[in-house]
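Single-letter residue listing:
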Amino acid sequence: MIKAQDLSEFHQTPNPSQSRAVQMTETVSACSFIYTDWALIETQFDPAQLHHKETVFTIGNGYLGSRGSFEEGYPRAVAATLIHGVFDDVPVVYTELANCPDWLPLMITFNGERFRLDQGEILAYERRLDLRSGLLSRAVRWRSPSGSKVDLNFERFASLADEHALGVRCQISSLDFEGLVEVQASLNGYSENKGFNHWEQVSQGKADPGIWLQVRTRNSRIELGMAARLTVSEAESAIEVSNVPGYPTQTTTVQLSPGQSVTVDKVVTVFTSRQVPDPIQAAQTKLAELPAYPDLFKANERAWEETWRKSDVVIEGDISAQLAIRYNLFQLIICAPRHDEQVSIAAKTLSGFGYRGHVFWDTEIFILPFFIYSQPALARNMLTYRYHTLDGARRKAKDSGYKGAMFAWESADTGDEVTPRWALPTDPYGADIRIWCRDREIHISADVAYAIWRYWQVTRDDAWMRDYGAEIILDTAVFWISRVELNTKDERYEIRDVIGADEYHEHDIHNNAFTNRMVQWHLEKAILVYDWLHAHFPENAAQLEEKLQLTSKQRSRWQDIVNNLWIPYDSKTGLIEQFDGFFNLEDIDLREYDSRTQSMQDILGMEGASKRQVLKQPDVLMLLYLMRESQEFPYSLETLKKNWNYYAPRTDITYGSSLGPAMHAILAADLDLSEEAYERFMQAAMVDLENVRGNADSGIHAASCGGLWQALVFGFGGVQLTQDGPIATPHLPPKWNRLKFKLYWRGDWHEFDLRADAKPPAL
Ligand code: BGC
């Protein structure tokens, strides 16, 4: 661990970002971080946390995400820039987001000694992510192996104002160094996904001024053009271009003496053939038009200001929670597509290779509420992605012998199922593991419908519902007709062989309460949408009926299924059985495993966990949460209490799925279990910042970020939606003095400023 020393003196060195530095009011340190209200500050460089911190310091702009690797490189670094929609084929797992050329490299040498943190000595170090403006900066005081002392102040941002524009700056100051500083600014065309290179080099060259690089994915044939220009200020210097294949570089050399500084700016543009027919031309044209770094940054700052005006959340009395919520929302904002409705947010955002850029139910159920209520236009983009992937969903339904549209459990560019069929064991003699979610975790289709309904309720965007939403809701409803089975003995419909939200149980799972009720709910809404379309847009209704081959016969089937679909709820006990036979499984007391550091599935094995009443994540409780918003069956506070008491102690909340803690936080807040609610909230809040689960290196846990926002608003804020709009019944954690946020609801913004001492308003 390398500790920062001498920080007070260090802070006095001129730093371009200092003038923008936020005044720290209150701070808390953890995991070598200092948390302030708007800035995450890392005070030590610890190579053992390299990959975790690369994820944490990811920046982006809704078009691309770039991990927080260093401009100068570091041994074993996992630099990655992922661009929405740039998928390429891979064996076994079908398709993944290709790691795009790296726009960051800046190699700096002092009289031939290369600056790198694994060489020489770090005298002082600070890395800072300013959430208000998306600026990532790093200040290093470094002694070179031969003993010269220099300061380096790096900055970078991906412009939120212009998604094709990126900026890197480095100010280099000599303390006692005398000699030649050489800066090489490159574009690296050799980026890999863990050893797999997706790119063919097409061409590269010298722009006027600057450099460019053109590459193409090997299989999907997506072209990418990147261009960059280096400028030097505070010193006279020529810039040369060298064309190492796949690595175009601009080099400048400056004479520096003690007390002198030089600043280099690298502005970069990037396009792919997903946006324009000639990406390399577009990148060069844009580069020629781009303003200098400071103006580029100002426009970015203004775009962030506008975004936070709607989406910010203020917590007073708890600086860690304040920073964490802003951090988690920041990570969602930077991966939300702003101008592209053919892509959506992946489970690990654009920040790492986990789940290969695939989209899950995480988006609709966990992430979208934040956008629906604070950036509805972005929510619409992501829901429209589901519209554009309907053909893939139809192919999946057909391939499985069903009708209509059946969404993929893991979805990429086309909507075809891309969940790998098999996972390979790390042990070369171990058995391959079949991944059944692709076949059985079918609740995803109802989850998409749920998010669409919610978007429509909040925005009243009838035009979108008419043109896009209705088709999704109705064609997935057609799928359910073919998927449910009639049990003639019990005279009821059933859904057999599924996986519910809890993935510890995946074989012979019939009538999972979560799935069945979500399907029933979906069909209830499908009937409403069908009738609404007929009443308000008869022509559209007729067109859709023809396209989907719908008749009033289907409508009656939906009604019949709604009336007769089996929901395993026992009105005497108030308990909902997770699936047929769950209560007969061997029971387990998780308190006996309190000292564990692994998931219960790791401890018991897949089969062991599946035979016991232990859950990876909330399932019945998840259902109750989703039905709570509109107070629909089987939700009631009483049912929640009973089922919480049964299921919460059996849920592997700390080591199971990262989707769980935020949901438990909401329900615990509802039940006035304030200690539990806060503990779960912080567990979700810190999942990436403090690497609570030890897997943050593979990317941000996006569902947890979104769940956290829901925990704040619906849990601690106690927001319920009434016909007159949202109303809050706060249950603030003891140390919070204030919770403030805004919600969009049917054309108006509702500002909530909840104080600990205020009496809750009557509902
Ligand atoms: C969870 C799923 C989730 C997926 C992606 C799994 O571990 O059980 O619910 O969709 O991760 O985040």
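Bear in mind the structure is a predicted one, so any value in this text is a computation, not a measurement. (Residues numbered from 1 in each chain as written. Predicted model: local features only at pLDDT ≥ 70, side-chain atom pairs only at ≥ 80, totals over all residues. Heavy atoms only, no water.)

Bringing empty space enclosed by the protein into the picture now. As enumerated under the stated definition, the model contains 7 cavities of 30 Å³ or more in all. Its boundaries defined by the atoms lining it, the second largest cavity holds a volume of some 80 Å³. H84, G85, F87, S344 and G357 are the residues nearest the centre of the second largest cavity, which is lined by 14 residues in total. For the lining of the second largest cavity, the leading source of residues is strand β6 (residues 81-90), giving 3 residues. Residues that form the lining of the second largest cavity fall into these classes: 8 nonpolar, 6 polar and no charged. (1 Å grid on protein atoms, 1.4 Å probe; cavity = no way out; pocket = protein on both sides within 12 Å on 5 of 7 lines; lining within 4 Å. Points joined across faces, edges and corners; volume = space filled by probe spheres on them. Helix = DSSP H or I, 4+ residues; strand = E, 2+ residues; numbered from the N terminus. Nonpolar A, V, L, I, M, F, W, Y, C, P; charged D, E, K, R; others polar.)

A few words on the pairing of β6. Counting buried residues in β6 gives 9 out of 10 residues, a clear majority hidden from the surface. With 3 bridges joining them, strand β5 (residues 64-66) and β6 adopt antiparallel strand pairing. The partner of L64 across the bridge, within β6, is I83. Sheet topology places β6 next to strand β7 (residues 94-99); 5 bridges connect them, and they run antiparallel. (Buried < 20%, exposed > 50% of the residue type's maximum accessible area, 1.4 Å probe, protein only. Pairing = 2+ DSSP bridges.)

Looking now at the layout of surface pockets. Looking at the second largest pocket, its volume works out to about 540 Å³. Along the walls of the second largest pocket sit 28 residues, with G73, A77, A79, D102 and N188 positioned nearest its centre. Counting residues per element, the ones that place at least two in the lining of the second largest pocket are β8 (106-110) and β14 (179-186).

To continue, consider the environment of H164. Structurally, H164 is set in the loop between β12 (149-158) and β13 (165-174). Placed 368 residues apart in sequence, H164 and W532 show a C-alpha to C-alpha distance of 41 Å. Leave out the neighbours within four places in its chain, and H164 touches Y63, V268, T269, V270, F271, Q275 and K286. For H164, the side chain forms a polar contact with the main-chain oxygen of V270, separated by 2.7 Å. (Contact = heavy atoms within 4.5 Å. Polar contact = N/O pair within 3.5 Å; in protein donor to acceptor, adjacent residues only side chain to side chain.)

This brings us to the packing of helix α6 (residues 361-374) against helix α20 (residues 702-716). The geometry of α6 relative to α20 is characterised by a closest axis approach of 8 Å and an angle of 50° between their N-to-C directions. Between α6 and α20, the angle falls in the class oblique. Between α6 and α20 lies a crossing of left-handed hand. The residues of α20 that touch α6, namely those facing D362, I365, F366, I367, P369, F370 and Y373, are A702, A703, G706, G707, W709, Q710 and F714. Looking at side-chain class alone, the contact of α6 with α20 contains 10 nonpolar, 3 polar and 1 charged residues. (Axes fitted to C-alpha atoms, helices over the stretch in contact; angles between N-to-C directions. Parallel < 35°, antiparallel > 145°, perpendicular 65-115°, else oblique. Left-handed = near helix turned anticlockwise from the far one by under 90°.)

Bridge count for β8 against β14 is 5 bridges, and the pairing is antiparallel. By the bridge assignment, M107 is partnered in β14 with Q184. Bridging between β14 and strand β19 (residues 247-256) involves 8 bridges; their strand directions are antiparallel. For A185, the partnering residue across the bridge sits in β19 and is Q250.

With that settled, the discussion passes to the pattern of salt bridges. When charged atoms on two side chains of opposite charge get close, those side chains can pair. Tallying each qualifying case throughout the model produces 54 salt bridges. Here K286 and D162 are joined by a salt bridge, their closest N and O atoms 2.6 Å apart. Taken together, the residues span a long stretch of sequence, with K286 in helix α3 (residues 279-289) and D162 in the loop between β12 and β13 at a distance of 124 residues. In this structure, the salt-bridge partner of E751 is K740, at a minimum N-O distance of 3.8 Å. (Salt bridge = Lys/Arg side-chain N within 4 Å of Asp/Glu carboxyl O.)

Before going further, it helps to spend a moment on the confidence of the model for the chain. Put simply, the chain has an average pLDDT of 94, and 95% of its residues get 70 or more. Considering each helix and strand of the chain separately, the mean pLDDT is smallest for helix α1 (residues 7-10), with a value of 36, and largest for β5, with 99. In the model, residues 1-25 has pLDDT below 50 throughout and makes 57 contacts with residues more than four positions away in sequence or in other chains. (pLDDT = per-residue confidence, 0-100.)

This part covers the environment of S32. Of note, S32 is situated in the loop between β1 (28-30) and β2 (33-35). For the pair formed by S32 and D46, sequence separation is 14 residues and the distance between their alpha carbons is 8.7 Å. Residues contacting S32, with those up to four places away along its chain left out, are I41, E42, T43, Q44, Q49 and K53. A distance of 3.0 Å separates the side chain of S32 from the side chain of K53, its partner in a polar contact.

Turning to the site of the ligand, a few remarks are in order. In the vicinity of the ligand, the contacting residues are A347, Y355, F360, W361, D362, W409, E503, K616, Q617, S657 and L659. Here K616 contributes a side-chain N or O atom positioned 2.8 Å from an oxygen atom of the ligand. In the complex, the protein chains occlude 90% of the 310 Å² of accessible area that the ligand would expose alone. (Near = heavy atom within 4 Å. Areas by Shrake-Rupley, 256 points an atom, 1.4 Å probe, with all protein chains shown as cover.)

With that out of the way, let us pick up the side chain of R141. Relative to the helices and strands, R141 resides in strand β11 (residues 135-143). At 2.7 Å, the side chain of R141 forms a polar contact with the side chain of D151.

Another aspect to go through is unusual backbone geometry. The omega torsion across D208 and P209 is -5°, close enough to zero to call that bond cis. In this fold, P209 is placed in the loop between β15 (199-207) and β16 (210-217). Residue P634 is bonded to the preceding F633 through a cis peptide linkage, with omega at 5°. Along the chain, P634 turns up in the loop between α16 (620-628) and α17 (637-647). Positive phi is not limited to glycine here, since K194 has a value of about 45°. Tracing the backbone through its elements, the reader meets K194 in the loop between β14 and β15. Positive phi, close to 50°, is recorded for E491, a residue that is not glycine. Take E491: it is sitting in the loop between β24 (485-487) and β25 (492-494).

Next up on the list: the sheet that holds β7. The strand order across the open sheet formed by 4 strands is β4-β5-β6-β7, and the pairing between neighbours is antiparallel. A single partner strand is all that each edge strand has here, and the edge strands are β4 (59-60) and β7.

Going through the model one piece at a time under the given rule, you end up with 48 aromatic pairs. The interplanar angle of 25° and the centroid separation of 6.0 Å between the aromatic rings of W464 and Y468 together place this pair among those described as stacked. Remark: Y468 and W464 occur in helix α11 (residues 462-483); sequence separation between them is 4 residues, near one turn of the helix. The buried category is assigned to W464, whose relative accessible area is 4%. Here Y468 falls in the partly exposed class, since its relative accessible area comes to 24%. Taken together, a centroid distance of 5.1 Å and an interplanar angle of 75° make the contact between F716 and W736 edge-to-face. A residue pair is termed long-range when its members are at least 10 positions apart, and F716 in helix α20 and W736 in the loop between β29 (725-727) and β30 (738-745) qualify at 20 residues. Of the two residues examined, F716 and W736, each falls in the buried class. Cation over ring: R434 sits above W422, and NZ or CZ is 6.0 Å from the ring centre. Seen from the ring of W436, R440 lies directly overhead, with NZ or CZ sitting 3.9 Å from the centre. (Phe/Tyr/Trp six-rings, centres within 6.5 Å; stacked < 30°, edge-to-face > 60°. Lys NZ or Arg CZ within 6 Å of the ring centre and 35° of its normal.)

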